[in-house]
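Report on the structure
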Amino acid sequence: MSFFQKHLYLWRILSIVVMIASIFWGYWWLTWILALVFLIVFKLYYEIILWGVMYDAIYGAAVPTYWNIHLTFTILGFIFFFVSLFLRKYILAYE
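These notes cover the structure that comes with them.

Moving on to helix α2 (residues 8-25). Here α2 spans 25 Å end to end across 18 residues, near enough to the 26 Å set by a 1.5 Å rise per residue. Among the residues of α2, R12, S15, M19, S22 and I23 are the ones counted as buried. For α2, the angular spread of buried residues about the axis comes to 95°, placing them on one side. Counted as exposed and oriented over 90 degrees from the buried face of α2: V17 and W25. Of the surrounding elements, those touching the buried residues of α2 are α3 (28-41) and α4 (47-59).

Nonpolar side chains collect at one region of the surface, where I69, L71, I75, I79, V83, F86, L87, Y90 and I91 lie side by side and expose about 830 Å² of accessible area between them. You can see F86 is positioned in helix α5 (residues 72-93).

Formed by 14 residues in total, the largest nonpolar core has its most connected members in M19, W32, A35, F38, Y45, I48 and W51. Counting residues per element, the ones that place at least two in this core are α2, α3, α4 and α5. F38 has contacts with S15, V18, M19 and Y45, leaving out every residue within four places of it along the chain.

Rules used in this analysis
Residues numbered from 1 in each chain as written. Predicted model: local features only at pLDDT ≥ 70, side-chain atom pairs only at ≥ 80, totals over all residues. Heavy atoms only, no water. Helix = DSSP H or I, 4+ residues; strand = E, 2+ residues; numbered from the N terminus. Expected span 1.5 Å × (residues − 1). Buried < 20%, exposed > 50% of the residue type's maximum accessible area, 1.4 Å probe, protein only. Arc of directions from axis to C-beta. Contact = heavy atoms within 4.5 Å. Patch = residues over 30% accessible without salt bridge, like charges linked within 9 Å, V, L, I, M, F, W, Y side chains within 5 Å. Areas by Shrake-Rupley, 256 points an atom, 1.4 Å probe, with all protein chains shown as cover. Salt bridge = Lys/Arg side-chain N within 4 Å of Asp/Glu carboxyl O. Core = buried A, V, L, I, M, F, W, Y, C linked by side-chain atoms within 4.5 Å.

Next up, the structure:
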């Protein structure tokens, strides 16, 4: 068992701290790049949905470029989460 697997809860807590700091003090694109990296690193990174909700609650405004959709980042969080579930299942089937 590797160090990462042994202390998974510590890594998850560290990722939560990094994401909260990124949401408050980072650019939106940096926040979503970090969220996607954590989505790849952790098996079930359901926190990505929480980050979308938090980001929309703090900065959420309808973006005219995206058809005036409210909760843009929440919707993206759901999409990324479910796509990652599908891709993991697909990739693991061919290993």
